[in-house]
Amino acid sequence: MSGAAGVKVTLGEVLNEISAYERDGKLEDAEALAERVLRAAPEHPHVLHLSGIVAYRRGKIPLAIERMEKSLELSPTVAVYPRNMCEIYRGAGRLDDALRMALRAVELAPDDSRAHFNHALIRYERRELDDALAAADRSIALDPNFPEAHFERAEVLLLGGRLTEGWESYEWRFKLKQAEGMLPKTDKPQWDGGALPEGKLLIVADQGFGDCIQFGRYIPWAAERAPKPVLACSGDLVPILRQIPGLGRIVTRWETTGEFDAYIPLSGMPRIAGTTIETIPAAIPYLHPDPAKITAWKQRLDALTPPGKKRIGLVWAGRPTHKNDRKRTVKLDQFAPLFARADLAIVTVQKGDQIAQVGTYFGAAPLINLGPSISDFTDTLAILQSLDHLVTIDTSVAHLAGASGIPTSVILPYAPDWRWLLDRDDTPWYPSLHLYRQQRPYDWSGVIDRIAAAL
């Protein structure tokens, strides 16, 4: 092939260039080059495979599957093809096909740690936890310094309720590529839970908003052992976390932390506290709304809500950048069983671009769209106090409601995030939450009907 200025380049060099673009997130460049190469070599298995990966990253899932299946037909013994195909099928919700590919990859390359890792991922999605753990352990045996495999092992153990073991493997999360910059650059040690001088402990709110709200309950426990710790967190969390007792200063930039003797990520607190399912701190509520905001939002809702209607808050979409957003986010119209209820008023506390879906709303229940007026978590916290019930996907608002004791129905995918455990409709983390789970992977049918019946 000819490159820029007519320079001859090999097919291998071009494929490496596509891979580099894909790895660096330059997906438009990767797609353009892949399409060009595919026109020149439409039957080349690796060209098909690589262009399929790029298509998947671009959200063109049917095209990705078509091309990658063709590459498998052309080269059925290349182990990396079923290994990657496993992940494509998993993302598309085709779990039986994904498992078939995972087993084929392991068969072709039994010493490939990544093949066993992908096998563990699909077993987790199928809630086959013993097999998932065995696959993760095999991956780790082949590559003891494989962070993703250790982290997957942690999620399997935690989902299965084996918290003590799970917390240990959970520490590997900071070796993941996406964790870079989450912790301070320091030679100071991680805190072990022992006594520290006043003001010498730095607590780092290291994960997503929901995680930080969930683990914020441990701040008073830490403050008993290290009085007035400094909390480093996102500015979005400051208005709600600052109300938790025992804190000293709150900072939003590393350079303002000051001197400290030790640090601890907020998500590491359960491990050093020795948390089991029976000992999860559940002194609810530990988040409290501003009384003035409660009054203001209540007056607004009283003016907007028809008399006699039960107010049902609703959140249907999360952040698109969340790794599991495809599993947890739903469309607004999937809540039709609620909208058919003339005795309800639907109050949206949804933020982000998905608010636009209210433009197609149709139902007997009046809809009150508060989303565009919500500035921050303190607004949401106050609005929740004026609702009779909240219905939400697994997102930060569920944690906000749970931490403030609001009656809430949470809809969960078949293989949920580890914190929700398995086969129970309650959660020891938040007593006011009721969990409604998918009965089949990627199938929300019946879930909303059960909530509507319960309301």
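This is a predicted model, so every value here is computed, not measured.

### Observations regarding the packing of aromatic side chains
Thought 1: One pass over the full model with this rule turns up 10 aromatic pairs.
Thought 2: The interplanar angle of 65 degrees and the centroid separation of 6.1 Å between the aromatic rings of Trp 167 and Tyr 170 together place this pair among those described as edge-to-face. Of the two residues, Trp 167 and Tyr 170 are both situated in helix α10 (residues 163-170); the distance of three residues between them amounts to about one turn of the helix. As far as burial versus exposure is concerned, Trp 167 and Tyr 170 are alike and both buried.
Thought 3: Their ring planes at 70 degrees and their centres at 5.8 Å tell us that Tyr 170 and Trp 418 sit as a pair that is edge-to-face. Of this pair, Tyr 170 sits in helix α10 while Trp 418 sits in the loop between β9 (408-412) and β10 (433-437), and the two are 248 residues apart along the sequence.

### Considerations on the pattern of salt bridges
Should the charged atoms of two oppositely charged side chains come close, the side chains can pair.
Thought 1: Counting across every chain of the model gives 33 salt bridges.
Thought 2: Between Glu 69 and Arg 94 there is a salt bridge, with the nearest N and O atoms lying 3.7 Å from each other. Taken as a pair, Glu 69 in helix α4 (residues 61-74) and Arg 94 in the loop between α5 (80-91) and α6 (95-108) lie far apart in primary sequence, 25 residues in all.
Thought 3: A relative accessible area of 27% places Glu 69 in the partly exposed class.

### Points about the pairing of strand β8 (residues 389-393)
Thought 1: When you tally the buried positions in β8, you get five out of five residues, the bulk of the element.
Thought 2: Neither face of β8 is left uncovered, since the one carrying His 389, Val 391 and Ile 393 and the one carrying Leu 390 and Thr 392 both have all their residues buried.
Thought 3: Of the strand pairs in this sheet, strand β5 (residues 310-315) and β8 are connected by four bridges, and their pairing is parallel. If you follow Leu 314 over to β8, its bridge partner there is Val 391.
Thought 4: Relative to β9, β8 is paired through four bridges, and the arrangement is parallel.

### Overview of the pairing of β9
Thought 1: Most of β9 is tucked away, with five of its five residues classed as buried.
Thought 2: Both faces of β9 are covered, namely the face carrying Thr 408, Val 410 and Leu 412 and the face carrying Ser 409 and Ile 411.
Thought 3: Following the chain from β8 across helix α19 (residues 396-403) to the adjacent parallel β9, one finds a crossover that is right-handed.
Thought 4: As defined by bridge partners, β9 adjoins β10 across five bridges and the pair is classed as parallel. The residue bridging Leu 412 from the neighbouring strand is Arg 437, located in β10.

So, how was this worked out
- Residues numbered from 1 in each chain as written.
- Predicted model: local features only at pLDDT ≥ 70, side-chain atom pairs only at ≥ 80, totals over all residues.
- Heavy atoms only, no water.
- Phe/Tyr/Trp six-rings, centres within 6.5 Å; stacked < 30°, edge-to-face > 60°.
- Helix = DSSP H or I, 4+ residues; strand = E, 2+ residues; numbered from the N terminus.
- Buried < 20%, exposed > 50% of the residue type's maximum accessible area, 1.4 Å probe, protein only.
- Salt bridge = Lys/Arg side-chain N within 4 Å of Asp/Glu carboxyl O.
- Pairing = 2+ DSSP bridges.
- Right-handed = clockwise from strand over helix to strand, strands pointing away.

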